[in-house]
Amino acid sequence: MSRIGRMPISVPDGVTVDIKEGNVVTVKGPKGTLERELAPEMILEQKDGEITVSRPNDLKRMKSLHGLTRTLLHNMVVGVHDGYTKVLEVNGVGYRAAKQGKKLVLNLGYSHPVEMEDPEGIETAVDGNKITVSGISKEKVGQYAAEIRGKRPPEPYKGKGIKYADEVIRRKVGKTGAK
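Figured I'd write up the structure that's included with this text. (Residues numbered from 1 in each chain as written. Predicted model: local features only at pLDDT ≥ 70, side-chain atom pairs only at ≥ 80, totals over all residues. Heavy atoms only, no water.)

A few points about the sheet that holds strand E2 (residues 16–20)
Sheet architecture is open: 3 strands sit in the order E2-E3-E4, paired in antiparallel fashion. The sheet is open, and its two edges are formed by E2 and strand E4 (32–37), each paired on a single side. With strand direction ignored, the average angle separating the axes of adjacent strands in the sheet is 15°. Of the pairings in the sheet, the one linking E2 to strand E3 (residues 24–29) comprises 5 bridges and is antiparallel in character. Bridge assignment links Asp18 to a residue of E3, and that residue is Thr26. (Pairing = 2+ DSSP bridges. Helix = DSSP H or I, 4+ residues; strand = E, 2+ residues; numbered from the N terminus. Axes fitted to C-alpha atoms, helices over the stretch in contact; angles between N-to-C directions.)

Describing the sheet that holds strand E1 (residues 9–10)
Judged by pairing direction, the sheet is antiparallel, and its 3 strands sit side by side in the order E1-E6-E5 without closing on themselves. Each end of this open sheet is capped by a strand with a single partner; those strands are E1 and strand E5 (43–47). Summarising the sheet, E5 and strand E6 (residues 50–54) pair through 5 bridges and their orientation is antiparallel. Across the sheet, residue Glu45 finds its bridge partner in E6, namely Thr52.

Some thoughts on unusual backbone geometry
The phi dihedral of Asn23 falls on the positive side, at around 55°, and the residue is not glycine. As for its placement among the helices and strands, Asn23 is situated in the loop between E2 and E3. Residue Asn23 is classed as buried on the basis of its relative accessible area of 9%. (Buried < 20%, exposed > 50% of the residue type's maximum accessible area, 1.4 Å probe, protein only.)

Structural notes on the nonpolar core
Counting 20 residues, the largest nonpolar core has Val15, Val17, Val25, Val27 and Leu73 as the members making the most contacts within it. Listing elements by their share of this core, those giving two or more residues are E3, E6 and helix H2 (60–81). Sort the elements by how many residues they give to this core and H2 lands first, with 6 residues. Once residues within four sequence positions are removed from consideration, Leu73 is found in contact with Ile9, Val25, Leu38, Leu44, Ile51 and Val53. Ranked by size, the runner-up nonpolar core spans 19 residues in total, among them Ala97, Met116, Ile122 and Ile131. (Core = buried A, V, L, I, M, F, W, Y, C linked by side-chain atoms within 4.5 Å. Contact = heavy atoms within 4.5 Å.)

Written out as structure tokens, the structure is:
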């Protein structure tokens, strides 16, 4: 039995979960609304403030979908209630980030500034060398943060580039001088 799939999802106050035919789930909360079509084979049951996910049989595909379905549903509930944030750091001489309306402008040592438009439902904030990406969808927040990081990933010699705040860069020793 899936350890994650078996755990019930508690629905906090102010959050409503609507499960329609074909496992189309709509979650409404104080931060917004998320809708997603989950695996139709999974059995979703909602009673007294908790949602349980169960599987019809023990086929390998059903075992795989069991934990995934539960996690996706849990991420939706947490997203509309609390939201998700990812913090990135810009390190390097002359590397800067700035906000212009809904655009994120990055100076990353290229001959031109890199401009990125905030996607729908995602907000970015810049505070010094820190970029905060926030939103209600864990998937979209993580994807946009990865796209920002991808513009200049950290390099192992000096650690220059954009990295996650909790990421540890494995540093390498540079060349040594001639004898």
